[in-house]
Amino acid sequence: MGLTIAQKIIKEHLIEGEMKVGSEIALKIDQTLTQDATGTMAYLEFEKIGIPRVKTEKSVAYIDHNTLQCGFMNADDHRYIGSVAKKHGIYFSRPGNGICHQVHLERFGIPGKTLIGSDSHTPTGGGIGMLAMGAGGLDVAVAMGGGAYYITMPKMYKVNLKGKLRDFVSAKDVSLEILRILSVKGGVGAIIEWGGEGIKTLSVPERATITNMGTELGATTSIFPSDEITKKFLEAEGRGKDWVELKSDEDAEYDKIINIDLSSLKPLIACPHSPDNVVTVESLKGTKCDQVCIGSCTNSSLMDMMKVSVMLKNKTISPDVSLSISPGSKQVLRMLSDSGALSNILASGARVLECACGPCIGMGFSPNSAGVSLRTFNRNFEGRSGTADGQVYLVSPETAVASALTGYITDPTTLGKMPYFSMPRKFLIDDSAVIEPASVEEADEVEVLRGPNIKPFPDANPVTDKIAAECVLKVGDNITTDHIMPAGAKILPYRSNIPYLSQFCFAVCDESFADRAKRLGQSIIIGGSNYGQGSSREHAALVPLYLGVRAVIAKSFARIHAANLINAGIMPLVFENPENYTFIGQGDKLVLSDIFEGMDTGEITLTDKTTHKEYKLKCYYTERQKEILKAGGLLQYTRGE
Ligand code: MIC
Ligand code: SF4
């Protein structure tokens, strides 16, 4: 049997395990990336592991999330990351250089290599044929130290594209279409390979928009072949020598095949508050909008910005709309500026923000009360924009501009013909904002600079044979890590201060959660399906650990979050019969017994002392995961404590 692209890369990087769907495999990791909001924790963990220099081929630390500096915290964290990177062999991308995924694609990604990043949108690298996955900070720290990355061998899905996108319909609409088809759970446990004749019409940045948003499907990652188009992109970046061809075998087998005709796609829009809540833009036409934001790691490439520029040329945005534009990288911004395209944007009345995540993570530019905000981003979870009742819709850059001009949700295909623009054959190369690490000889002299905002890790809490604890919180389906550990400009600066962060845990669902959990000392959470979807932030596990959460029992879990729970020493457990979720109430006294035996048999008994009922729970831990849980987490396990 032939192999898919992902299977070929996995085979080449396999350290342990069998390439059998559902079994645990260990992969050699060639490259890592971190961003600042998860990076401080990842580097503190790396320091604890105690390896002097990274063992990867390339590791890069980006500053792109926490760029508003209201007080010393973020600036201190930037300084810490810059110094720790210099000491341990990591390249440092300074604030202003751009969003990690955009810059990594431009300057560092290599087809056929493995990449893990402490950010869930790391699969953006799949746009040039990397096997790129989001991971918890601790997993990235271990990989930097030369350790393997463990995943469950995924299923393989294939999306075949045919035809060609019409004017004003773009890669973002392809992402929304696949979300409409599969939903935010539809990619769980799978790698999505994109192929078919239609991919020849998509440039690398367009492919990267699609692999970026594959994260919203819950997929392990998404990948495109590395072909002539990839080669041209790398050549334009002055990195033609990094190109290798990658394609699946003719007789590769897939668990699911989906066909999409690009020619028949219409502009789509994801309504509040989920990326799979997709309808046609046409169906919402005439809805008034207050704010439009263009940028984020999904739609901030030069191509996206050029489209925006030509559509805005000689036009002024609606006086009722506030429009922000954040180019994805310094390369993009300089090219916009040098070509004169930036001028159209500025003249239109748009506000140009720095090359960073910005509004996507609530780092400024929150909408007005109950404001309708159209964003070219990838997530519209409730409250994420920083305005609790903000109504965030996800759209393409084309729909964003059309709506900013009219002041109403507007289908861009009604605007006639897309104005002409051309893409340069060579990109402007300026790596001056990437600081090289110190040489091995000089590394000892580098001082790591720590600010007062760095607080110690929560204490490990090794799993015991019996856990008796109250159900402190019961939540529904599709709970995101933004519910568990919200982000935003006010909270993000405390990513290295778990005690401070803890007061905001689950505040979106229940403001009393943190106090109640603390008072109980130890507790259990009950969740629905796809618990922990969204970001890779390990804080969504470390903060509950700090608050005494010992286990989360849910109908199902999102991949990265389940791994983060285990890494933090918290047991993720799954209802054998999902209907039993209904019978357990918040406040019930729960007992998990004979846990060690249950970990071996894969079945643990839960007794609800309040209702006097018993339920069977499933756990699918590998030998390694059992040891991690018994050690109280991956850090303790790695250090042999
Ligand atoms: C996000 O888009 O939610 C983030 C912020 O980039 C996160 C990482 C984080 O929480 O720091 C992600 O996607 O992993
Ligand atoms: Fe940054 Fe938003 Fe992308 Fe996360 S999704 S990396 S916050 S731009």
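Our structure is the block above this text.
Residues numbered from 1 in each chain as written. Chains lettered and ligands numbered in written order. Predicted model: local features only at pLDDT ≥ 70, side-chain atom pairs only at ≥ 80, totals over all residues. Heavy atoms only, no water.

A. Spatial organisation of the site of ligand 2. In the vicinity of ligand 2, the contacting residues are His65, His101, Asp119, His121, Ser296, Cys297, Cys357, Cys360, Ile361, Asn378 and Arg384. Split by residue class, the shell around ligand 2 holds 4 nonpolar, 5 polar and 2 charged. (Near = heavy atom within 4 Å. Nonpolar A, V, L, I, M, F, W, Y, C, P; charged D, E, K, R; others polar.)

B. Representation of the site of ligand 1 in the model. Of all residues adjacent to ligand 1, which total 14 residues, the nearest are Asp119, Ser120, Arg384, Ser536 and Arg537. Arg384 places a polar side-chain atom, nitrogen or oxygen, 2.8 Å from an oxygen atom of ligand 1. Contact with the protein chains hides 97% of the accessible area of ligand 1, taken as 340 Å² for the molecule alone. In the shell around ligand 1, the residues fall into 2 nonpolar, 7 polar and 5 charged. (Polar contact = N/O pair within 3.5 Å; in protein donor to acceptor, adjacent residues only side chain to side chain. Areas by Shrake-Rupley, 256 points an atom, 1.4 Å probe, with all protein chains shown as cover.)

C. Expanded view of the pattern of salt bridges. Tallied over the full model, the rule gives 29 salt bridges. Between Glu282 and Lys266 there is a salt bridge; the shortest N-O distance is 3.6 Å. One end of the pair, Glu282, is in the loop between strand S14 (278-280) and strand S15 (291-294); the other, Lys266, is in the loop between strand S12 (256-261) and strand S13 (268-270), with 16 residues separating them in the sequence. On the accessibility criterion, Lys266 (40% relative accessible area) is partly exposed. In this structure, the salt-bridge partner of Lys618 is Glu576, at a minimum N-O distance of 3.7 Å. Linking Lys618 in strand S27 (residues 613-618) with Glu576 in the loop between strand S24 (571-575) and strand S25 (589-593), this pair joins segments that are 42 residues apart in sequence. Each of Lys28, Asp30, Glu57 and Lys113 takes part in one network of salt bridges that share partners. (Salt bridge = Lys/Arg side-chain N within 4 Å of Asp/Glu carboxyl O. Helix = DSSP H or I, 4+ residues; strand = E, 2+ residues; numbered from the N terminus. Buried < 20%, exposed > 50% of the residue type's maximum accessible area, 1.4 Å probe, protein only.)

D. Summary view of the sheet that holds strand S9 (residues 155-162). Strand order in the open sheet made by the 4 strands is S11-S10-S9-S12, with parallel pairing throughout. In this open sheet, the two strands that pair with only one neighbour each are strand S11 (221-223) and S12. For this sheet, the mean inter-axis angle between neighbouring strands, taken without regard to orientation, is 20 degrees. Those strands touched by helix H6 (residues 171-182) are S9, strand S10 (190-195) and S12, and its axis lies near 135 degrees from that of S12. (Pairing = 2+ DSSP bridges. Axes fitted to C-alpha atoms, helices over the stretch in contact; angles between N-to-C directions. Contact = heavy atoms within 4.5 Å.)

E. How the structure looks around the side chain of Thr607. Tracing the sequence through the fold places Thr607 in strand S26 (residues 603-608). Ignoring sequence-local partners within four residues, the contact set of Thr607 consists of Lys589, Leu590, Val591, Lys613 and Glu614.

F. Representation of the environment of Cys289 within the structure. In this fold, Cys289 is placed in the loop between S14 and S15. Note on Cys289: relative accessible area 0%, which makes it buried. Taking the C-alpha atoms as reference, Cys289 lies 9.2 Å from Ser322; in sequence the two are 33 residues apart. Contacts of Cys289, omitting those with residues within four sequence positions, involve Asp320, Val321, Val372, Leu374, Ser403, Gly407, Tyr408 and Ile409.

G. Layout of helix H5 (residues 137-144). Where burial is concerned, most of H5 is hidden: 8 out of the 8 residues are buried. Those residues of H5 lying buried are Gly137, Leu138, Asp139, Val140, Ala141, Val142, Ala143 and Met144. In the segment just after H5, Gly146 is the residue with positive phi, at about 95 degrees.

H. The packing of helix H2 (residues 36-49) against helix H3 (residues 72-88), seen in detail. Running from amino to carboxyl end, H2 crosses H3 at an angle of 45 degrees, the nearest separation of the two axes being 10 Å. By the angle class used here, H2 and H3 are oblique. Along this stretch, H2 crosses H3, giving a crossing that reads as left-handed. Listed contacts from H3 to Asp36, Gly39, Thr40, Tyr43, Leu44, Phe46 and Glu47 of H2 are Asp77, His78, Tyr80, Ile81, Val84 and His88. In the contact of H2 with H3, the residues fall into 6 nonpolar, 4 polar and 3 charged. (Parallel < 35°, antiparallel > 145°, perpendicular 65-115°, else oblique. Left-handed = near helix turned anticlockwise from the far one by under 90°.)

I. Spotlight on helix H20 (residues 623-631). Along H20, the residues classified as buried are Arg624, Gln625, Lys626, Ile628, Leu629 and Ala631. Among the residues trailing H20, Gly632 stands out with phi positive, at a value near 95 degrees.

J. Here's a closer look at the nonpolar core. Counting residues in each nonpolar core, the largest one holds 103 residues, and the members touching the most others are Phe506, Phe513, Tyr531, Ile553, Met571, Leu573 and Leu592. With 6 residues, H5 is the single largest residue contributor to this core. If you look at the next biggest cluster of nonpolar residues, it comprises 58 residues, including Val281, Met303, Val372 and Val434. (Core = buried A, V, L, I, M, F, W, Y, C linked by side-chain atoms within 4.5 Å.)

K. The pairing of strand S8 (residues 149-152), seen in detail. Across the two faces of S8 the burial differs, with Tyr149 and Ile151 buried and Tyr150 and Thr152 not buried at all. One ladder, built from 4 bridges, connects strand S2 (residues 24-27) with S8; its direction is antiparallel. Residue Leu27 lies in a different strand from S8, and its bridge partner there is Tyr149.

L. Fine view of the packing of helix H9 (residues 302-312) against helix H10 (residues 330-339). Interaxial distance between H9 and H10 falls to 10 Å at its minimum, and their mutual angle equals 35 degrees. Here H9 and H10 pass one another in a crossing that is right-handed. On the side of H9, the interface is formed by Leu302, Met305 and Met306, while H10 contributes Val332, Met335 and Leu336. Looking at the contact of H9 with H10 residue by residue, the classes come out as 6 nonpolar, no polar and no charged.

M. Expanded view of the side chain of Arg537. Examined against the element boundaries, Arg537 turns out to sit in the loop between strand S22 (523-526) and helix H17 (539-546). By relative accessible area, which is 4% here, Arg537 ends up buried. A polar atom in the side chain of Arg537 sits 2.9 Å from the backbone oxygen of Met485. Residues within four places of Arg537 in sequence aside, it is in contact with Thr38, Ile361, Arg384, Thr481, Asp482, Met485, Pro486, Ala487, Arg495 and Asn564.

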